[in-house]
Amino acid sequence: MGLIVQKFGGTSVGSAERILNVAERVREEKERGNDVVVVVSAMGKTTDQLVSLAKEIATQPNKREMDMLLTTGEQITISLLSMALNHKGIEAVSFTGWQAGIFTEDIHGNARITKIETDAVNKQLSKGKVVIVAGFQGITVDGEITTLGRGGSDTTAVALAAALKADKCDIYTDVTGVYTTDPRYVKDARKLLAVSYDEMLELANLGAGVLHPRAVEFAKNYNVPLEVRSSMEKISGTVIEEEATMEENLIVRGVAFEGEITRVTVLGLPNSLSGLSTIFTTLAKNHINVDIIIQSSTDAHATNLSFSIKSEDLEQTLTVLEENREVLEYEQIEWEMKLAKVSIVGSGMVSNPGVAAEMFKVLADHEIHVKMVSTSEIKVSAVVAETNMIRAVEVLHEAFNLSENKR
Ligand code: ASP
Ligand code: MG
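So, here is what we can say about the structure in this document. Here the residue numbering is sequential within each chain, running from 1 through the sequence in written order. The naming scheme follows written order: chains are lettered A onward, ligands numbered 1 onward. Two thresholds apply to this predicted model, a pLDDT of at least 70 for residue-level local features and 80 or more for giving and counting side-chain atom pairs, whereas whole-chain, interface and lining totals are computed over all residues. Only hydrogens and water are removed before side-chain values are computed, so all heavy atoms of the structure are retained for them.

**A closer look at the pattern of salt bridges**
Applied cut-off: Criterion for a salt bridge: a side-chain nitrogen of Lys or Arg within 4 Å of a carboxyl oxygen of Asp or Glu. Each helix is a run of H or I in the DSSP string that is no shorter than four residues. Each strand is a run of E no shorter than two, and both are numbered from the N terminus. We call a residue buried when its accessible area falls under 20% of the maximum for its residue type, exposed when it is over 50%, and partly exposed in between, using a 1.4 Å probe and counting protein chains only.
Under the definition given, this model contains 26 salt bridges. Here Arg25 makes a salt bridge to Glu28, at a shortest N to O gap of 3.5 Å. Highlighted residues: Arg25 and Glu28, both in helix 1 (residues 16-31), separated by 3 residues, approximately one helical turn. When its relative accessible area of 5% is taken as the criterion, Arg25 is described as buried. Salt bridges sharing partners connect three or more residues here, namely Glu24, Arg27, Glu31 and Lys88.

Take a look at the structure:
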């Protein structure tokens, strides 16, 4: 007998009928003789609707109250699922984040989990009950309610699995697993049997929405066996583990992509020792997330600097740079919007040189211009025009043997 943490996302609990379906999946796990902890998201698009509602009230809603509002979404689901299970004769109890002992840092809107006190959950488990926990929420040591960032229910599930030393964490969702790329855009995308934690972390950070990046981080740090699988179809999904074996003749495991990127170029920065640090410290202080950075010294006195940001951050970035013009001493700012980042990810790259070269050749052969590049041991990202994004994904997916018809 083991302990399983099951997590069901918004679509999987999107209606009364779906919640009843989830109750059946819980029952099956229970009947296999396991203890079960269930983490759920808010029903369907509830969180989005709550966000819109708040925006109708105030343009910049207070962050504390925003968390107060958004956490109600998950609270609806936990109570309904508990009712469903109890009605089916399976004893269950629902817990909000704080009742489940989930503590976070003191930040609203995007808090990290700092510790989990498992006593309350364990007590109910020992009585044979299914424990249902609200995803995406926690509490600070001062008793303030916080949220973990959009998509954060995955993190609740994995963190609970780690704290409870669960045997496995199953992430049930509306797709059947992790794909070589997003099947909604590329029809040849194929479901992967296995992915390593590191690859999944890259994929999640690079825009593959299937798992919250922090959830993968937790899973890796605490070695929690994860599986992403369908809440509707009873088939196995994608296992995420430390060392996933590469399928035959694959170097790349997946292609990720993300639009709405802007490149900002700061021209004529003085070539001082502290110039770079000042500019990025200023941006960081204003919570602007910078992704790819390219620096080139034009001569002994001046440096040009390009960096990519999310397009939604452009306005604020320009304001911050403008406000700090005197300190930063640059000459001019330029920017290019409507860009996208396309990335290939695979642990096979470590031992196979030339993968980046191959990527650029494929893109060049298809007349896709690369504007920025960044690499890590197991990924290569290229920034391209947004109009070329899907085409770039398709040709790379094909070139690196990921398509269904190549198997
Ligand atoms: N309900 C939250 C969201 O929509 C958290 C989650 O679903 O994981 O972002
Ligand atoms: Mg999600």
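**Comments concerning the side chain of Asn304**
Applied cut-off: When checking whether two residues touch, look at their non-hydrogen atoms; a contact exists if any pair is within 4.5 Å.
Structurally, the position occupied by Asn304 is in strand 15 (residues 302-310). With near-sequence residues (within four places) excluded, Asn304 lies in contact with Val266, Leu267, Gly268, Ile294, Gln295, Ser296 and Thr298.

**Points about the sheet that holds strand 11 (residues 226-230)**
Sheet strands associate in pairs through backbone hydrogen bonding, adopting either a parallel or an antiparallel arrangement. The condition that has to hold: A pair of strands is treated as paired once DSSP finds two or more bridges between them. The angle between two axes is taken between their N-to-C directions and runs from 0 to 180 degrees, where each axis is a line fitted to C-alpha atoms and a helix contributes only its stretch in contact.
Taken in spatial order, the 8 strands of this open sheet run 3-6-2-1-9-11-12-10, and their pairing is mixed. The open sheet has two edge strands with one neighbour each: strand 3 (92-95) and strand 10 (194-196). When the angles between neighbouring strand axes are averaged without regard to direction, this sheet yields 20°. In this structure, strand 3 lies alongside strand 6 (residues 130-134), joined through 4 bridges in parallel fashion. Bridge pairing in strand 6 places Ser94 opposite Ile132.

**Side note on the site of ligand 1**
Stated precisely, the cut-off is as follows: Whether a residue is near a molecule or strand is decided by its heavy atoms; if any one of them lies within 4 Å of it, the residue is near. Pairs of N or O atoms are called polar contacts if they sit within 3.5 Å, as long as, within protein, a hydrogen donor faces a hydrogen acceptor (for residues adjacent in sequence, only side-chain-to-side-chain pairs). Note on residue classes: Ala, Val, Leu, Ile, Met, Phe, Trp, Tyr, Cys and Pro are nonpolar, Asp, Glu, Lys and Arg are charged, and everything else, Gly too, is polar.
Residues in contact with ligand 1, as listed here, are Ser41, Ala42, Thr47, Glu74, Phe136, Arg150, Gly151, Gly152 and Ser153. The backbone of Gly151 places a nitrogen or oxygen atom 2.8 Å from an oxygen atom of ligand 1. Here an oxygen atom of ligand 1 sits 3.0 Å away from a polar atom, N or O, in the main chain of Ser153. The residue makeup of the shell around ligand 1, split by class, is 2 nonpolar, 5 polar and 2 charged.

**Some details on the nonpolar core**
Put simply, the rule reads: Take the buried Ala, Val, Leu, Ile, Met, Phe, Trp, Tyr and Cys residues and link them wherever side-chain atoms come within 4.5 Å; each set so joined is a nonpolar core.
Val37, Val158, Cys169, Met200 and Ile240 are the most contacted members of the largest nonpolar core, which totals 46 residues. Broken down by element, the residue count for this core peaks at 6 residues, all from helix 5 (residues 153-163). Counting 24 residues, the second-largest nonpolar core is a separate cluster that includes Leu250, Val393, Phe400 and Leu402.

**Examining unusual backbone geometry**
Notably, Asn223 is not glycine yet its phi reads approximately 55°, a positive angle. Looking at the secondary structure, you find Asn223 in the loop between helix 7 (213-222) and strand 11. Backbone geometry at His287 places phi at a positive 60°, although glycine is not the residue there. For His287, the position within the fold is in the loop between helix 8 (275-285) and strand 14 (293-297). A relative accessible area of 70% places His287 in the exposed class.

Keep in mind that these numbers describe shape and distance, not what the molecule does.
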